[in-house]
Amino acid sequence: MTLPTDKPRAAAGTLRGGPRRRRVRTGVPLPLLIPALLGLAFLIVPLIALLVRTPWHSLPTQLTSPDVWQALRLSLICATLATGVSLVIGVPLAWLLARVDFPGRGLVRALVTLPLVLPPVVGGVALLMALGRNGIVGQWLDSWFGITLPFTTAGVVIAEAFVAMPFLVISVEGTLRAADPRYEEAAATLGASRFTAFRRVTLPLIAPGIAAGAVLAWARALGEFGATITFAGNFPGRTQTMPLAVYLALQSDPEAAIALSLVLLAVSIAVLAGLRDRWMSAG
Amino acid sequence: MTRTARRTRRPLPHAAGAAAALLALSACSSGSGSSAKPDSSGPGKLSGEVTVFAAASLKESFTTLGEQFEKEHPGTKVTFSFGGSDSLAASITGGAPADVFASASPRTMRIVTDAGDASGTPAAFVRNELEIATLPGNPGKISSLQDLTEAGRKVVLCDKEVPCGAAAQKALAASRLELTPVSYEQDVKAAITKVELKEADAAVVYKTDVRAAGDKVEGVEFPESADAVNDYPIALLKDARNAEAAKAFIALVRSADGQKVLTGAGFLKP
């Protein structure tokens, strides 16, 4: 966020450790440049359009309505909780995939990343079948503990974690593979148990990768829509996150939808920009 | 010399490929219309594609009517987009390529007519009444709208922004009941699905949806539904690319044959 101080630091980092690159300044071939610019425009123009069409005059009233804050607060809380859940169960999973050689590891890795490519609404249906009141696990949760997850804030967190955790696992696993296992082995020869070695040696070593994965997962959770509306439903203050509020506002009040989208866009940009220099590039 | 020449030329096929991909992408959105040109093989003979945007609650009956239409007019193809009336209306005013719009409420139809996207005046073709959908056998012994307000009941309503939700609010207001659902679903099908999956104990939906769901849910009628009957208007759209066939489809919907299919699905005559 303090760009002037961050930039030189990043630049210094590349100067110190980064590989030296030859500067090729002449001759960006036109057949590359044109599609590249098209690609850039394709990604950016819709966002600019959002800004152009924003009802600036009514924005203050739109954004100070309690409904918006309720949805935004819920979004932030749920995305953070989902990231927390992903950290607690995702980091050990990534460790397992990176460090333990077991049969079928490739298959497990593919299954772990499946939610990345699965349409989120399919994820929501799957969660309903598993954890719904009538689901294969959910019916026992209901009859034994009286816990039902659909239509609850916990359901939102679960839906978001389901969709976001693979980002964390992939990021952490990649960092673990790049990290030298000899440090852990050295710790083990010095008498540390495997868990102590993980906690004291491996974790600090891969912290940047974990942070990068957590940021990605958080951002993904914040934007999650399909799984949430399918699994957790839509109730203001309890399960209505910002993306749901945007979608339903679009049905009757496009101006409100644009204003809400703008907030979500601003939050996303702030997070990515604020954390990028510190963590993302390190991962 | 030759090397640099080759190097600069290489990316060309890729660029051409990208351009072709872009062209294909843009063609997707408008390409379906090219087949919709009326056939000149004979006067009055219909052909081509008719695109009908219709309220989610019309899904079953309109699918039947679409098949009937294709059978009566060989060479035609009826394509449907079913969804919440409001999002359909938003798509149409946003330029979606549709020939006919059948909405679940006059309010949503007005979004389209106000934007000047309808051709002519929309006509009401059916009406729909609300009903409570509960689990088969009605294990919660729900017999009235009031029963839904009891604590501990998981009830889902449609969101107030969509017609079935607006109608439910009207019925609740008419009977002076406060009902806090567990969720406001985005359309009527999503609401009844939550009951079918046994995630919710009850949903306030259209009578037609209860009938369409068969024995997966049980319907409970309630008198207040009379205060919240929805008119369904249908209209030809101004930018229809196959206006002749679209008009014929609307005529079929409004004909005695069409009305038979619709009342068979639980709709009321307008």
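Residues numbered from 1 in each chain as written. Chains lettered and ligands numbered in written order. Predicted model: local features only at pLDDT ≥ 70, side-chain atom pairs only at ≥ 80, totals over all residues. Heavy atoms only, no water.

Chemist: How should the overall build of chain A be read in this particular structure?
Modeler: Along chain A, the regular secondary structure elements total 13 helices and 0 strands. Beginning at the N terminus, the succession of helices and strands in chain A can be written as α-α-α-α-α-α-α-α-α-α-α-α-α. Expressed as a percentage of its 283 residues, the buried residues of chain A come to 39%. Nonlocal contacts in chain A, meaning residues at least 24 apart in sequence, comprise 74% of its contacts between residues at least 6 apart. Element-wise, carbon and sulfur atoms account for 70% of the exposed surface of chain A, whose accessible area totals about 15,900 Å². (Helix = DSSP H or I, 4+ residues; strand = E, 2+ residues; numbered from the N terminus. Buried < 20%, exposed > 50% of the residue type's maximum accessible area, 1.4 Å probe, protein only. Contact = heavy atoms within 4.5 Å. Areas by Shrake-Rupley, 256 points an atom, 1.4 Å probe, with all protein chains shown as cover.)

Chemist: Got a minute to help me understand the domain arrangement of chain B in this structure?
Modeler: For interface size, the figure often reported is the accessible area lost on association. All names here are of chain B. Once the domains are mapped, chain B shows domain 1 (48–127 + 231–265) and domain 2 (130–227). Taking only C-alpha atoms into account, the centre of domain 1 sits 26 Å from that of domain 2. Listed per partner, the contact involves 15 residues of domain 1 and 11 residues of domain 2. Summing both partners gives a buried area of about 880 Å² for domain 1 against domain 2, and 56% of it is carried by carbon and sulfur. Remark: the boundary between domain 1 and domain 2 carries 1 salt bridge. For Lys 189, the salt bridge is made with Glu 60, and the minimal N-O distance between the two is 3.3 Å. At the surface where domain 1 touches domain 2, the tally comes to 3 residue pairs in polar contact (both at pLDDT 80 or more). Those elements that provide at least two residues to the side of domain 1 that touches domain 2 are helix 3 (59–72), helix 4 (85–93), helix 5 (106–114) and helix 10 (256–264). (Domains from an automatic or database assignment. Buried area = accessible area lost by both parts, 1.4 Å probe. Salt bridge = Lys/Arg side-chain N within 4 Å of Asp/Glu carboxyl O. Polar contact = N/O pair within 3.5 Å; in protein donor to acceptor, adjacent residues only side chain to side chain.)

Chemist: What is the right way to look at the side chain of B:Lys207 in this model?
Modeler: Tracing the backbone through its elements, the reader meets B:Lys207 in helix 8 (residues 207–212). Aside from chain neighbours lying at most four places away, what touches B:Lys207 is B:Asn128, B:Glu129, B:Leu130, B:Glu131, B:Glu221 and B:Gly266.

Chemist: How should I be thinking about the sheet that holds strand 7 (residues 183–185) of chain B in this particular structure?
Modeler: Hydrogen bonds between backbone groups are what pair the strands of a sheet, and the pairing can be parallel or antiparallel. Residue and element names in this part refer to chain B. Sheet architecture is open: 5 strands sit in the order 7-6-8-5-9, paired in mixed fashion. Pairing within the sheet leaves two strands with one partner each, and these edge strands are strand 7 and strand 9 (218–220). On average, each strand axis in the sheet is tilted by 35° relative to the strand beside it, whichever way the strands run. Sheet topology note: the strand 6 (residues 155–158)/strand 7 ladder contains 3 bridges and is parallel. Pairing of Cys 158 across the sheet is with Glu 185, part of strand 7. Strands in contact with helix 6 (residues 163–174) are strand 5 (130–134), strand 6, strand 7 and strand 8 (202–206); relative to strand 6, the strand with the most contacts, it is inclined by about 115°. (Pairing = 2+ DSSP bridges. Axes fitted to C-alpha atoms, helices over the stretch in contact; angles between N-to-C directions.)

Chemist: Hey, could you run me through the nonpolar core in this one?
Modeler: Here is a general trend for soluble globular proteins: nonpolar side chains tend to be buried in one another's company. One finds B:Leu58, B:Phe62 and B:Phe125 to be the most contacted residues of the largest nonpolar core, which totals 68 residues. At 6 residues, the largest contribution of residues to this core is made by helix 9 (residues 243–254) of chain B. Residue-level mapping places this core at the junction of two domains, with at least three residues from each of domain 1 (48–127 + 231–265) and domain 2 (130–227) of chain B. Residue contacts for B:Phe62: discarding those within four places in its chain leaves B:Val52, B:Ala54, B:Phe80, B:Phe82, B:Ala102, B:Phe125, B:Ile234, B:Phe249, B:Val253 and B:Leu262. Membership of the second largest hydrophobic core comes to 44 residues, among which are A:Leu74, A:Val112, A:Leu260 and A:Leu264. (Core = buried A, V, L, I, M, F, W, Y, C linked by side-chain atoms within 4.5 Å.)

Chemist: Teacher, can you tell me more about the state of the cysteines here?
Modeler: A covalent bond between the sulfur atoms of two cysteines is referred to as a disulfide. Residue and element names in this part refer to chain B. A complete count under the given rule lists 1 disulfide over all chains for this structure. Bridging Cys 158 to Cys 164, the disulfide has an S-S length of 1.9 Å. Here the S-S torsion is close to -105°, and the disulfide linking Cys 158 with Cys 164 is therefore left-handed. We classify Cys 164 as buried; its relative accessible area is 3%. (Disulfide = S-S within 2.5 Å.)

Chemist: Hey, could you run me through the interface of chain B and chain A in this one?
Modeler: With 25 residues of chain B in contact, the opposing surface of chain A contributes 24 residues. Carbon and sulfur atoms supply 60% of the area that chain B and chain A bury against each other, a total of about 2,200 Å² over both sides. The tally of links from chain B across to chain A stands at 1 salt bridge. With its nearest N and O atoms 2.8 Å apart, the salt bridge here joins B:Asp201 to A:Arg133.

Chemist: I tried to follow the pairing of strand 1 (residues 48–55) of chain B on my own but got confused; where do I start?
Modeler: Consecutive residues of a regular strand have side chains that alternate between opposite faces of the sheet. Residue and element names in this part refer to chain B. Burial analysis of strand 1 places 8 of its 8 residues in the buried class, the great majority of the element. Bridge count for strand 1 against strand 2 (residues 76–83) is 8 bridges, and the pairing is parallel. Bridging across to strand 2, Ala 54 finds its partner in Phe 82. Inspection of the sheet shows strand 1 paired to strand 3 (residues 100–102) by 3 bridges, in the parallel sense. By the bridge assignment for strand 3, Phe 53 is matched with Phe 101.

Chemist: Whenever I open this one, the UniProt feature "transmembrane region" (unreviewed entry) in chain A confuses me. Can you help?
Modeler: Residues and elements named next belong to chain A. Taking the numbering used here, the UniProt-annotated feature "transmembrane region" (unreviewed entry) corresponds to residues 30–52, 72–98, 110–131, 151–172, 201–219 and 256–275. Helix makes up 100% of residues 30–52 and strand 0%, with an end-to-end C-alpha separation of 30 Å. Helix makes up 100% of residues 72–98 and strand 0%. Its end C-alpha atoms lie 36 Å apart. (UniProt positions renumbered as here; feature names shortened; annotations may be inferred.)

Chemist: Got a minute to help me understand the UniProt feature "binding site: molybdate" (unreviewed entry) in chain B in this structure?
Modeler: Residues and elements named next belong to chain B. The sites that carry the UniProt feature "binding site: molybdate" (unreviewed entry) are, in the present numbering, Ser 57, Ser 85, Val 188 and Tyr 206. Judged by maximum C-alpha separation, these annotated positions cover 150 residues in sequence but sit close together in space, the widest gap being only 13.9 Å. The residue Ser 85 is located in helix 4 in this model. Among the residues examined, Ser 85 registers a relative accessible area of 2% and is labelled buried.

Chemist: What is the right way to look at a nonpolar patch on the surface in this model?
Modeler: On the surface, A:Val28, A:Leu30, A:Leu33, A:Ile34, A:Leu37, A:Leu38, A:Leu40, A:Phe42, A:Leu43, A:Ile44, A:Ile48 and A:Val52 cluster together into a nonpolar patch covering about 1,200 Å² of accessible area. Mapped onto the elements, A:Leu43 comes out in helix 2 (residues 30–52). (Patch = residues over 30% accessible without salt bridge, like charges linked within 9 Å, V, L, I, M, F, W, Y side chains within 5 Å.)

Chemist: Would you mind going over the pattern of salt bridges with me for this structure?
Modeler: Opposite charge on two side chains lets them pair, provided their charged atoms get close. Residue and element names in this part refer to chain A. Throughout the structure, instances matching the rule amount to 17 salt bridges over all chains. One salt bridge in this structure joins Arg 220 and Glu 224, with 3.6 Å as the shortest N-O distance. Each of Arg 109, Glu 173 and Arg 177 takes part in one network of salt bridges that share partners.

Chemist: Where do I start with the packing of helix 3 of chain B against helix 9 of chain B in this structure?
Modeler: When two helices pack together, their arrangement is given by the angle between the helix axes and the distance between those axes. All names here are of chain B. Interhelical geometry of helix 3 versus helix 9 gives an angle of 125° and a closest axis separation of 10 Å. By the criterion of interaxial angle, the relationship of helix 3 to helix 9 is oblique. When the axes of helix 3 and helix 9 are compared, the crossing they make is right-handed. Judged by residue contacts, Phe 62, Leu 65, Gly 66, Gln 68, Phe 69 and Glu 72 of helix 3 engage Ala 245, Ala 248, Phe 249, Leu 252 and Val 253 from helix 9. Of the residues assigned to the contact of helix 3 with helix 9, the class counts are 8 nonpolar, 2 polar and 1 charged. (Parallel < 35°, antiparallel > 145°, perpendicular 65-115°, else oblique. Left-handed = near helix turned anticlockwise from the far one by under 90°. Nonpolar A, V, L, I, M, F, W, Y, C, P; charged D, E, K, R; others polar.)

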